[in-house]
Amino acid sequence: MELKFDEQGLIPVIVQDAQTNQVLTLAYMNQESLTLTLKDRLMTFYSRSRQELWRKGETSGNYQHLVSLTADCDQDALVAKVTKDGPACHTGSESCFTEQLFGEQEQEKVQLTDLYQLIKERKTSPKEGSYTSYLFDKGLEKILKKIGEESTEVVIGAMKADRQETVFEAADLTYHMLVLLVEMGITVEEVQQELAKRHVVDHKVKQETLK
């Protein structure tokens, strides 16, 4: 395959999180930065403003490790899937794409991984007035207390056979569980892998302390 670089010798690269598929950034590569990326498996780009090569994370430590690189049908654009060591954006945001211009909010389906990333962003970049940032500021004890409260609310709703209340409280519990995962540095994927390993649907699993 022969890639098509533009008249400046550049090709656009869309960078995605390999675990969540979240779009992280749009950058450019020339032949040299592409070669270095493939050689070292660390995302290296070409800065059009500075007119020089730059390796993501070189100053911040937020390196992006290449998982896969795919060209489009015209071979003039690339998609790189990466695992990242920290926020993708220089602002501290997980992604450079945060300013929504349009969206039918009521029709959007919330994915747990997307919600997890948003919660994680509130931890790395606290926002004034944000309840999530408030929880992280108060710490683990506060988060655990809320999980206890929401668990009880789920039980109460279910005992009353109230579907609407149970759904509402289950959503609250799920949200607070995601806050706990972020606080402890545990990913949604780790939980999914644990469930898959257990075949939890067909087998009862007892927790045992590893010694």
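The structure contained in this document is the topic of the report that follows. Since this is a predicted model, take the numbers as computed values, not measurements.

1. Structural notes on the packing of helix 2 (residues 112-124) against helix 3 (residues 131-138)
And step 1. Contact pair helix 2 / helix 3: the axes reach a minimum separation of 9 Å and the direction vectors enclose 60 degrees. Put simply, helix 2 runs oblique to helix 3. In this structure, helix 2 crosses over helix 3, and the sense of that crossing is right-handed. Where helix 2 approaches helix 3, its residues Ile 119, Arg 122 and Lys 123 are matched on the opposing element by Thr 132, Ser 133 and Phe 136.
And step 2. For the contact of helix 2 with helix 3, the per-class residue count stands at 2 nonpolar, 2 polar and 2 charged.

2. Overview of the environment of Pro 87
And step 1. Relative to the helices and strands, Pro 87 resides in the loop between strand 6 (78-84) and helix 2.
And step 2. Classification of Pro 87 by relative accessible area gives buried; the value is 15%.
And step 3. Sequence separation between Pro 87 and Thr 124 is 37 residues; the distance between their C-alpha atoms is 8.2 Å.
And step 4. When near neighbours in sequence (up to four residues on either side) are disregarded, Pro 87 contacts Lys 56, Asn 62, Gly 92, Ser 93 and Glu 94.

3. Concerning the pairing of strand 2 (residues 23-29)
And step 1. For strand 2, the tally of buried residues reaches 5 of 7 residues, placing the bulk of the element in the interior.
And step 2. Where strand 1 (residues 11-17) meets strand 2, 6 bridges bridge the pair, whose relative direction is antiparallel. Looking across to strand 2, one finds that Val 15 is bridged to Thr 25.
And step 3. The loop that links strand 1 with its antiparallel partner strand 2 comprises 5 residues; one of these, Asn 21, has a positive phi angle of about 65 degrees.

4. Quick word on the packing of helix 3 against helix 4 (residues 140-159)
And step 1. The contact between helix 3 and helix 4 brings their axes to 5 Å, and the two run at 120 degrees. What the angle tells us is that helix 3 and helix 4 run oblique. Residues Tyr 131, Tyr 134, Leu 135, Phe 136 and Lys 138 of helix 3 pack against Leu 140, Lys 142, Ile 143 and Lys 146 of helix 4.
And step 2. For the contact of helix 3 with helix 4, a count of residues per class yields 6 nonpolar, no polar and 3 charged.

5. Overview of helix 1 (residues 31-40)
And step 1. Of the residues making up helix 1, those classed as buried are Ser 33, Leu 34 and Thr 37. Seen end-on, helix 1 carries its buried residues on one side only, within an arc spanning 105 degrees.
And step 2. Buried-residue contacts for helix 1 involve strand 2, strand 3 (44-47), strand 4 (52-55), strand 5 (64-71) and strand 6.
And step 3. The N-terminus of helix 1 is capped by Asn 30, whose side-chain oxygen sits 3.2 Å from the backbone nitrogen of Glu 32.

6. Some words on the packing of aromatic side chains
And step 1. Counted according to the given criterion, the structure contains 3 aromatic pairs.
And step 2. Taking the centre distance of 5.1 Å and the plane angle of 45 degrees together, the rings of Phe 45 and Trp 54 count as tilted.
And step 3. Feature note: the residues Tyr 131, Tyr 134 and Tyr 175 constitute an aromatic cluster, connected by ring pairs.

7. Some details on the sheet that holds strand 6
And step 1. The sheet built from 4 strands is open, its strands ordered 2-1-6-5 with mixed pairing. One side of each edge strand has no neighbouring strand; the edge strands of this open sheet are strand 2 and strand 5. Adjacent strand axes in the sheet meet at a mean angle of 30 degrees, parallel and antiparallel pairs treated alike.
And step 2. Strand contacts of helix 1: strand 2, strand 5 and strand 6, with the helix running at about 120 degrees to strand 5, the strand carrying the most contacts.

Here is what the cut-offs are and how they apply
- Residues numbered from 1 in each chain as written.
- Predicted model: local features only at pLDDT ≥ 70, side-chain atom pairs only at ≥ 80, totals over all residues.
- Heavy atoms only, no water.
- Axes fitted to C-alpha atoms, helices over the stretch in contact; angles between N-to-C directions.
- Helix = DSSP H or I, 4+ residues; strand = E, 2+ residues; numbered from the N terminus.
- Parallel < 35°, antiparallel > 145°, perpendicular 65-115°, else oblique.
- Left-handed = near helix turned anticlockwise from the far one by under 90°.
- Contact = heavy atoms within 4.5 Å.
- Nonpolar A, V, L, I, M, F, W, Y, C, P; charged D, E, K, R; others polar.
- Buried < 20%, exposed > 50% of the residue type's maximum accessible area, 1.4 Å probe, protein only.
- Pairing = 2+ DSSP bridges.
- Arc of directions from axis to C-beta.
- Polar contact = N/O pair within 3.5 Å; in protein donor to acceptor, adjacent residues only side chain to side chain.
- Phe/Tyr/Trp six-rings, centres within 6.5 Å; stacked < 30°, edge-to-face > 60°.

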